[in-house]
Amino acid sequence: MQQTILVTGATGTVGREVVKQLSMLDGIRVRAGVHSLIKGENLRRLPDVEVVEMEFNDPESLHAAFTHADKVFLVTPLANEQVEMAKKLVDEAKRCGVKHIVKLSALGAGAEPGIQLGRWHREIERYIEESGIPYTFLRPASFMQNFENYNAATIKQEGKIYMPTGDGKVSYVDARDIAAVAVAVLTGEGHEGQIYDLTGPEAMSVDEVAETISYVTGNQVDFVNVPEDAARQAMQQQHVPDWMANSLLELYSVHRAGYSSGVTSRVEEITGRKPHTFRQFLQDYKECFV
Ligand SMILES: NC(=O)c1ccc[n+]([C@@H]2O[C@H](COP(=O)([O-])OP(=O)(O)OC[C@H]3O[C@@H](n4cnc5c(N)ncnc54)[C@H](OP(=O)(O)O)[C@@H]3O)[C@@H](O)[C@H]2O)c1
(Lines give C-alpha, C1' and ligand atoms only; values in the text may rest on other atoms or scores of the structure.)
Protein backbone atom coordinates (compact mmCIF):
# COMPACT_ATOMS: atom_id res chain seq x y z
CA MET A 1 0.00 0.00 0.00
CA GLN A 2 1.22 3.52 -0.82
CA GLN A 3 2.45 5.28 2.29
CA THR A 4 2.14 9.00 2.86
CA ILE A 5 5.15 10.94 4.12
CA LEU A 6 4.63 14.50 5.32
CA VAL A 7 7.58 16.89 5.02
CA THR A 8 7.26 20.07 7.09
CA GLY A 9 9.26 23.17 6.15
CA ALA A 10 9.11 21.74 2.63
CA THR A 11 10.36 24.90 0.91
CA GLY A 12 13.43 25.11 3.16
CA THR A 13 17.01 24.14 2.37
CA VAL A 14 16.71 20.52 3.52
CA GLY A 15 12.92 20.11 3.27
CA ARG A 16 12.74 20.77 -0.47
CA GLU A 17 15.57 18.29 -1.14
CA VAL A 18 13.76 15.63 0.88
CA VAL A 19 10.56 16.25 -1.13
CA LYS A 20 12.51 16.09 -4.39
CA GLN A 21 14.33 12.86 -3.52
CA LEU A 22 11.21 11.14 -2.10
CA SER A 23 9.24 12.05 -5.23
CA MET A 24 11.63 9.95 -7.32
CA LEU A 25 10.71 6.77 -5.43
CA ASP A 26 7.81 4.46 -6.26
CA GLY A 27 5.06 3.66 -3.76
CA ILE A 28 5.32 6.89 -1.79
CA ARG A 29 2.94 9.77 -1.68
CA VAL A 30 4.74 12.91 -0.56
CA ARG A 31 2.84 15.63 1.24
CA ALA A 32 4.82 18.87 1.19
CA GLY A 33 3.82 21.13 4.08
CA VAL A 34 4.56 24.68 2.94
CA HIS A 35 4.29 27.95 4.83
CA SER A 36 3.62 29.85 1.64
CA LEU A 37 1.77 28.29 -1.29
CA ILE A 38 3.55 30.65 -3.68
CA LYS A 39 6.99 29.46 -2.54
CA GLY A 40 5.75 25.85 -2.78
CA GLU A 41 4.45 26.23 -6.34
CA ASN A 42 7.40 24.47 -8.04
CA LEU A 43 7.04 21.43 -5.73
CA ARG A 44 3.68 20.72 -7.43
CA ARG A 45 5.50 19.80 -10.63
CA LEU A 46 7.18 16.83 -8.95
CA PRO A 47 5.50 13.43 -9.37
CA ASP A 48 3.21 12.20 -6.56
CA VAL A 49 3.67 15.37 -4.51
CA GLU A 50 0.67 16.97 -2.82
CA VAL A 51 1.29 20.50 -1.56
CA VAL A 52 -0.58 21.60 1.57
CA GLU A 53 -0.48 24.95 3.32
CA MET A 54 0.88 24.65 6.84
CA GLU A 55 1.17 27.38 9.48
CA PHE A 56 2.74 25.93 12.61
CA ASN A 57 0.66 28.25 14.81
CA ASP A 58 -2.63 27.28 13.17
CA PRO A 59 -4.06 24.02 14.63
CA GLU A 60 -6.47 23.49 11.72
CA SER A 61 -3.73 23.57 9.12
CA LEU A 62 -1.68 21.16 11.26
CA HIS A 63 -4.59 18.75 11.54
CA ALA A 64 -5.19 18.77 7.79
CA ALA A 65 -1.49 18.21 7.06
CA PHE A 66 -1.04 15.33 9.55
CA THR A 67 -4.28 13.46 8.79
CA HIS A 68 -3.44 10.05 7.22
CA ALA A 69 0.29 10.78 7.23
CA ASP A 70 2.21 7.58 8.04
CA LYS A 71 5.59 9.22 8.64
CA VAL A 72 6.90 12.75 9.07
CA PHE A 73 10.12 14.55 8.28
CA LEU A 74 9.95 17.27 10.89
CA VAL A 75 11.64 20.61 10.23
CA THR A 76 11.04 23.68 12.35
CA PRO A 77 12.63 27.05 11.51
CA LEU A 78 15.25 28.96 13.44
CA ALA A 79 12.66 30.91 15.43
CA ASN A 80 12.45 32.15 18.99
CA GLU A 81 9.38 29.97 19.54
CA GLN A 82 10.64 26.89 17.69
CA VAL A 83 10.25 24.62 20.73
CA GLU A 84 6.58 25.58 21.18
CA MET A 85 5.98 25.16 17.45
CA ALA A 86 7.59 21.73 17.39
CA LYS A 87 5.59 20.57 20.42
CA LYS A 88 2.35 21.44 18.60
CA LEU A 89 3.52 19.41 15.62
CA VAL A 90 4.38 16.41 17.80
CA ASP A 91 1.01 16.59 19.59
CA GLU A 92 -0.81 16.59 16.27
CA ALA A 93 1.36 13.73 14.97
CA LYS A 94 0.33 11.72 18.02
CA ARG A 95 -3.37 12.53 17.58
CA CYS A 96 -3.19 11.44 13.95
CA GLY A 97 -1.36 8.16 14.64
CA VAL A 98 1.93 8.97 12.88
CA LYS A 99 4.22 5.92 13.02
CA HIS A 100 7.67 7.51 12.69
CA ILE A 101 9.08 11.02 13.15
CA VAL A 102 12.43 11.84 11.57
CA LYS A 103 13.52 15.12 13.10
CA LEU A 104 16.02 17.58 11.64
CA SER A 105 18.02 18.52 14.72
CA ALA A 106 21.57 19.93 14.99
CA LEU A 107 25.05 18.64 15.70
CA GLY A 108 25.85 19.10 19.38
CA ALA A 109 22.21 18.93 20.51
CA GLY A 110 23.25 16.31 23.04
CA ALA A 111 26.12 18.39 24.50
CA GLU A 112 25.86 19.54 28.12
CA PRO A 113 25.52 22.43 28.73
CA GLY A 114 25.94 23.00 24.98
CA ILE A 115 24.72 26.16 23.28
CA GLN A 116 21.25 27.67 23.00
CA LEU A 117 20.58 26.40 19.47
CA GLY A 118 21.44 22.86 20.56
CA ARG A 119 19.45 23.08 23.80
CA TRP A 120 16.30 24.05 21.85
CA HIS A 121 16.73 21.03 19.61
CA ARG A 122 17.38 18.74 22.57
CA GLU A 123 14.18 19.98 24.25
CA ILE A 124 12.21 19.07 21.13
CA GLU A 125 13.98 15.71 20.88
CA ARG A 126 13.03 14.93 24.50
CA TYR A 127 9.41 15.83 23.82
CA ILE A 128 9.40 13.43 20.87
CA GLU A 129 11.00 10.68 22.99
CA GLU A 130 8.30 11.17 25.61
CA SER A 131 5.51 11.12 23.01
CA GLY A 132 6.04 7.40 22.46
CA ILE A 133 6.16 7.88 18.66
CA PRO A 134 9.09 5.98 17.10
CA TYR A 135 11.73 8.53 16.11
CA THR A 136 15.08 9.11 14.46
CA PHE A 137 17.07 12.28 15.07
CA LEU A 138 19.35 13.68 12.36
CA ARG A 139 21.94 16.03 13.81
CA PRO A 140 23.75 17.75 10.94
CA ALA A 141 26.73 20.08 11.02
CA SER A 142 26.39 23.54 9.44
CA PHE A 143 25.10 23.36 5.88
CA MET A 144 27.32 24.13 2.85
CA GLN A 145 24.23 25.89 1.45
CA ASN A 146 24.55 28.55 4.20
CA PHE A 147 27.21 30.18 2.01
CA GLU A 148 24.62 30.43 -0.77
CA ASN A 149 21.83 31.62 1.57
CA TYR A 150 23.78 34.12 3.69
CA ASN A 151 27.09 35.00 2.00
CA ALA A 152 26.44 34.96 -1.76
CA ALA A 153 25.61 38.69 -1.91
CA THR A 154 28.98 39.90 -0.50
CA ILE A 155 30.85 37.18 -2.39
CA LYS A 156 29.37 38.42 -5.69
CA GLN A 157 29.49 42.16 -4.93
CA GLU A 158 32.75 42.51 -2.99
CA GLY A 159 34.61 39.20 -3.27
CA LYS A 160 34.45 38.89 0.52
CA ILE A 161 33.02 36.57 3.17
CA TYR A 162 32.57 38.35 6.51
CA MET A 163 32.32 36.01 9.50
CA PRO A 164 33.52 35.97 13.12
CA THR A 165 34.88 32.44 12.85
CA GLY A 166 38.66 32.95 12.99
CA ASP A 167 40.59 29.94 11.72
CA GLY A 168 38.18 27.44 13.29
CA LYS A 169 37.37 24.51 11.01
CA VAL A 170 33.83 23.26 10.46
CA SER A 171 32.76 19.94 8.89
CA TYR A 172 30.16 21.57 6.60
CA VAL A 173 27.63 19.11 5.15
CA ASP A 174 25.68 19.35 1.90
CA ALA A 175 21.90 19.61 2.51
CA ARG A 176 21.43 17.09 -0.33
CA ASP A 177 23.33 14.51 1.74
CA ILE A 178 21.20 15.25 4.82
CA ALA A 179 18.13 14.75 2.61
CA ALA A 180 19.52 11.46 1.26
CA VAL A 181 19.94 10.20 4.83
CA ALA A 182 16.39 11.35 5.69
CA VAL A 183 15.01 9.49 2.67
CA ALA A 184 16.93 6.30 3.56
CA VAL A 185 15.65 6.49 7.14
CA LEU A 186 12.04 7.26 6.14
CA THR A 187 11.90 4.43 3.63
CA GLY A 188 14.21 1.88 5.25
CA GLU A 189 14.18 -0.27 8.36
CA GLY A 190 16.03 -0.36 11.65
CA HIS A 191 16.48 3.36 12.27
CA GLU A 192 13.97 3.78 15.12
CA GLY A 193 15.50 5.20 18.28
CA GLN A 194 18.73 6.16 16.46
CA ILE A 195 20.55 9.49 16.55
CA TYR A 196 22.80 10.25 13.60
CA ASP A 197 25.51 12.95 13.60
CA LEU A 198 25.90 14.03 9.96
CA THR A 199 28.91 15.88 8.60
CA GLY A 200 30.68 16.44 5.32
CA PRO A 201 33.86 14.52 4.52
CA GLU A 202 36.29 17.23 5.70
CA ALA A 203 36.53 20.18 8.07
CA MET A 204 37.42 23.55 6.56
CA SER A 205 38.08 27.05 7.83
CA VAL A 206 36.20 29.89 6.14
CA ASP A 207 39.56 30.98 4.72
CA GLU A 208 39.75 27.58 2.96
CA VAL A 209 36.12 27.96 1.87
CA ALA A 210 37.00 31.34 0.28
CA GLU A 211 40.04 29.79 -1.42
CA THR A 212 37.90 26.99 -2.86
CA ILE A 213 35.27 29.45 -4.12
CA SER A 214 38.05 31.49 -5.77
CA TYR A 215 39.43 28.34 -7.43
CA VAL A 216 36.08 27.04 -8.71
CA THR A 217 34.60 30.37 -9.85
CA GLY A 218 37.83 31.94 -11.08
CA ASN A 219 37.00 35.11 -9.08
CA GLN A 220 39.11 36.09 -6.07
CA VAL A 221 37.17 35.72 -2.80
CA ASP A 222 38.72 36.59 0.58
CA PHE A 223 37.69 35.75 4.12
CA VAL A 224 37.39 38.71 6.50
CA ASN A 225 37.56 37.62 10.13
CA VAL A 226 35.16 40.01 11.88
CA PRO A 227 35.61 40.74 15.61
CA GLU A 228 32.59 39.59 17.63
CA ASP A 229 31.55 43.16 18.61
CA ALA A 230 31.59 44.27 14.98
CA ALA A 231 29.56 41.19 13.98
CA ARG A 232 26.97 42.06 16.65
CA GLN A 233 26.80 45.67 15.43
CA ALA A 234 26.34 44.53 11.83
CA MET A 235 23.49 42.23 12.89
CA GLN A 236 21.86 45.09 14.83
CA GLN A 237 22.08 47.29 11.74
CA GLN A 238 20.34 44.54 9.77
CA HIS A 239 17.61 44.37 12.47
CA VAL A 240 18.49 40.81 13.46
CA PRO A 241 16.62 40.25 16.76
CA ASP A 242 18.79 40.00 19.89
CA TRP A 243 17.91 36.35 20.62
CA MET A 244 19.06 35.38 17.12
CA ALA A 245 22.24 37.47 17.24
CA ASN A 246 23.13 35.95 20.63
CA SER A 247 22.58 32.39 19.48
CA LEU A 248 24.46 32.86 16.20
CA LEU A 249 27.41 34.54 17.94
CA GLU A 250 27.48 31.67 20.42
CA LEU A 251 27.54 29.20 17.52
CA TYR A 252 30.37 31.13 15.81
CA SER A 253 32.38 31.06 19.05
CA VAL A 254 32.08 27.25 19.01
CA HIS A 255 33.25 27.24 15.37
CA ARG A 256 36.17 29.53 16.27
CA ALA A 257 37.25 27.26 19.09
CA GLY A 258 37.41 24.30 16.70
CA TYR A 259 34.62 22.29 18.36
CA SER A 260 32.71 21.90 15.06
CA SER A 261 35.48 20.11 13.20
CA GLY A 262 34.64 16.47 13.95
CA VAL A 263 33.91 14.28 10.89
CA THR A 264 31.60 11.26 10.94
CA SER A 265 31.05 8.53 8.34
CA ARG A 266 27.28 8.36 8.88
CA VAL A 267 26.23 9.73 5.48
CA GLU A 268 28.10 6.99 3.64
CA GLU A 269 27.06 4.26 6.11
CA ILE A 270 23.37 5.09 5.72
CA THR A 271 23.14 6.07 2.04
CA GLY A 272 25.97 3.93 0.63
CA ARG A 273 27.37 7.07 -1.07
CA LYS A 274 30.21 9.35 -0.09
CA PRO A 275 29.08 12.82 1.04
CA HIS A 276 29.78 15.76 -1.31
CA THR A 277 33.05 17.57 -0.76
CA PHE A 278 32.89 21.37 -0.61
CA ARG A 279 34.47 21.50 -4.06
CA GLN A 280 31.79 19.19 -5.49
CA PHE A 281 29.10 21.31 -3.84
CA LEU A 282 30.58 24.43 -5.47
CA GLN A 283 30.76 22.82 -8.89
CA ASP A 284 26.97 22.29 -8.67
CA TYR A 285 26.18 25.70 -7.09
CA LYS A 286 28.83 27.78 -8.92
CA GLU A 287 26.20 30.02 -10.56
CA CYS A 288 25.06 31.24 -7.12
CA PHE A 289 28.47 32.78 -6.46
CA VAL A 290 29.28 34.57 -9.74
N1 LIG B 1 21.41 26.07 8.58
C2 LIG B 1 22.24 25.24 9.21
O3 LIG B 1 23.45 25.23 9.00
C4 LIG B 1 21.66 24.25 10.20
C5 LIG B 1 22.54 23.30 10.78
C6 LIG B 1 22.01 22.36 11.65
C7 LIG B 1 20.67 22.38 11.96
N8 LIG B 1 19.84 23.31 11.39
C9 LIG B 1 18.41 23.30 11.74
O10 LIG B 1 17.65 23.05 10.55
C11 LIG B 1 16.36 23.61 10.71
C12 LIG B 1 15.99 24.37 9.45
O13 LIG B 1 16.83 25.48 9.39
P14 LIG B 1 17.09 26.22 8.04
O15 LIG B 1 17.87 27.42 8.35
O16 LIG B 1 17.58 25.25 7.04
O17 LIG B 1 15.61 26.69 7.71
P18 LIG B 1 14.89 26.89 6.35
O19 LIG B 1 15.63 26.32 5.22
O20 LIG B 1 14.54 28.33 6.28
O21 LIG B 1 13.58 26.02 6.57
C22 LIG B 1 12.58 26.40 7.46
C23 LIG B 1 11.22 26.10 6.81
O24 LIG B 1 10.20 26.33 7.78
C25 LIG B 1 9.16 27.13 7.19
N26 LIG B 1 8.48 27.91 8.23
C27 LIG B 1 8.95 29.00 8.88
N28 LIG B 1 8.03 29.45 9.76
C29 LIG B 1 6.94 28.64 9.62
C30 LIG B 1 5.65 28.61 10.21
N31 LIG B 1 5.29 29.52 11.15
N32 LIG B 1 4.77 27.67 9.83
C33 LIG B 1 5.11 26.76 8.87
N34 LIG B 1 6.33 26.72 8.26
C35 LIG B 1 7.23 27.66 8.64
C36 LIG B 1 9.89 28.00 6.18
O37 LIG B 1 8.99 28.49 5.21
P38 LIG B 1 9.04 30.08 4.80
O39 LIG B 1 10.43 30.33 4.35
O40 LIG B 1 8.03 30.19 3.72
O41 LIG B 1 8.68 30.82 6.06
C42 LIG B 1 10.90 27.00 5.61
O43 LIG B 1 10.32 26.21 4.61
C44 LIG B 1 16.39 24.48 11.98
O45 LIG B 1 15.76 23.80 13.03
C46 LIG B 1 17.89 24.64 12.24
O47 LIG B 1 18.18 24.81 13.61
C48 LIG B 1 20.31 24.24 10.52
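Everything discussed here concerns the structure shown above.
Residues numbered from 1 in each chain as written. Predicted model: local features only at pLDDT ≥ 70, side-chain atom pairs only at ≥ 80, totals over all residues. Heavy atoms only, no water.

1. Considering the sheet that holds strand β1 (residues 3-7)
Sheet strands pair by backbone hydrogen bonding; their relative direction is either parallel or antiparallel.
Part 1 of the reasoning: Reading across from one edge, β3-β2-β1-β4-β5-β6-β8 is the order of the seven strands in this open sheet, with parallel pairing throughout. Where the open sheet ends on each side, the last strands, each with one partner, are β3 (49-53) and β8 (194-198). Ignoring which end each strand starts from, the neighbouring axes of this sheet average 15° apart.
Part 2 of the reasoning: With five bridges connecting them, strand β2 (residues 28-34) and β3 associate as parallel partners. Bridge pairing links Gly33 to Val52 in β3.
Part 3 of the reasoning: Packed onto the sheet, helix α2 (residues 59-66) meets β1, β2, β3 and β4 (71-74) and runs at close to 170° relative to β2. (Pairing = 2+ DSSP bridges. Helix = DSSP H or I, 4+ residues; strand = E, 2+ residues; numbered from the N terminus. Axes fitted to C-alpha atoms, helices over the stretch in contact; angles between N-to-C directions. Contact = heavy atoms within 4.5 Å.)

2. Focus on the site of the ligand
Part 1 of the reasoning: The environment of the ligand is made up of 24 residues, and the closest members are Thr13, His35, Lys39, Thr76 and Asn146.
Part 2 of the reasoning: Here an oxygen atom of the ligand sits 3.1 Å away from a polar atom, N or O, in the main chain of Gly12.
Part 3 of the reasoning: The separation between an oxygen atom of the ligand and a polar side-chain atom of His35 is 2.7 Å.
Part 4 of the reasoning: Look at the ligand: alone it shows 890 Å² of surface, and the protein chains cover 82% of it.
Part 5 of the reasoning: Going through the elements one at a time, α3 (82-95) and α5 (146-158) are the ones with two or more residues in the shell around the ligand.
Part 6 of the reasoning: Of the residues belonging to the shell around the ligand, the class tally is 11 nonpolar, 11 polar and two charged. (Near = heavy atom within 4 Å. Polar contact = N/O pair within 3.5 Å; in protein donor to acceptor, adjacent residues only side chain to side chain. Areas by Shrake-Rupley, 256 points an atom, 1.4 Å probe, with all protein chains shown as cover. Nonpolar A, V, L, I, M, F, W, Y, C, P; charged D, E, K, R; others polar.)

3. Structural notes on the packing of helix α1 (residues 15-23) against helix α6 (residues 175-187)
Part 1 of the reasoning: Two elements in contact, α1 and α6, have axes whose closest approach is 8 Å; the angle formed by their N-to-C orientations is 50°. It follows from the interaxial angle that α1 and α6 lie oblique. You can see that α1 and α6 cross each other, and the crossing is right-handed. Packed against α1, whose contacting residues are Glu17, Val18, Gln21 and Leu22, the element α6 presents Ala175, Arg176, Ala179, Ala180, Ala182, Val183, Leu186 and Thr187 at the interface.
Part 2 of the reasoning: When the residues that make up the contact of α1 with α6 are grouped by side-chain class, the tally is eight nonpolar, two polar and two charged. (Parallel < 35°, antiparallel > 145°, perpendicular 65-115°, else oblique. Left-handed = near helix turned anticlockwise from the far one by under 90°.)

4. Notes on the nonpolar core
Part 1 of the reasoning: Val18, Leu22 and Phe73 are the most contacted members of the largest nonpolar core, which has 35 residues in total.
Part 2 of the reasoning: With nine residues, the top contributor of residues to this core is α6.
Part 3 of the reasoning: Among all residues touching Phe73, those that are not within four sequence positions of it are Leu6, Val7, Thr8, Val14, Val18, Val102, Leu104, Leu138, Ala182 and Leu186. (Core = buried A, V, L, I, M, F, W, Y, C linked by side-chain atoms within 4.5 Å. Buried < 20%, exposed > 50% of the residue type's maximum accessible area, 1.4 Å probe, protein only.)

5. A few points about a negative patch on the surface
Part 1 of the reasoning: Judged by side-chain charge, Asp167, Asp207, Glu211 and Asp222 come together as a negatively charged surface patch.
Part 2 of the reasoning: For Glu211, the location among the structural elements is in helix α7 (residues 206-217).
Part 3 of the reasoning: Exposure remark for Glu211: the relative accessible area of 54% places this residue in the exposed category. (Patch = residues over 30% accessible without salt bridge, like charges linked within 9 Å, V, L, I, M, F, W, Y side chains within 5 Å. Salt bridge = Lys/Arg side-chain N within 4 Å of Asp/Glu carboxyl O. Lys, Arg positive; Asp, Glu negative; His and termini not counted. Charge placed at Lys NZ, Arg CZ, Asp CG, Glu CD.)

6. Notes on the pairing of strand β5 (residues 100-104)
Part 1 of the reasoning: Counting buried residues in β5 gives five out of five residues, a clear majority hidden from the surface.
Part 2 of the reasoning: Neither face of β5 is left uncovered, since the one carrying His100, Val102 and Leu104 and the one carrying Ile101 and Lys103 both have all their residues buried.
Part 3 of the reasoning: Pairing geometry for β4 and β5, over four bridges, is parallel. Along β5, the bridge assignment pairs Phe73 with Val102.
Part 4 of the reasoning: Direction of pairing for β5 relative to strand β6 (residues 135-140): parallel, over a ladder of four bridges. Bridging across to β6, Lys103 finds its partner in Phe137.
Part 5 of the reasoning: On the question of chirality, the crossover connecting β5 to the parallel β6 by way of helix α4 (residues 116-131) is right-handed. (Right-handed = clockwise from strand over helix to strand, strands pointing away.)

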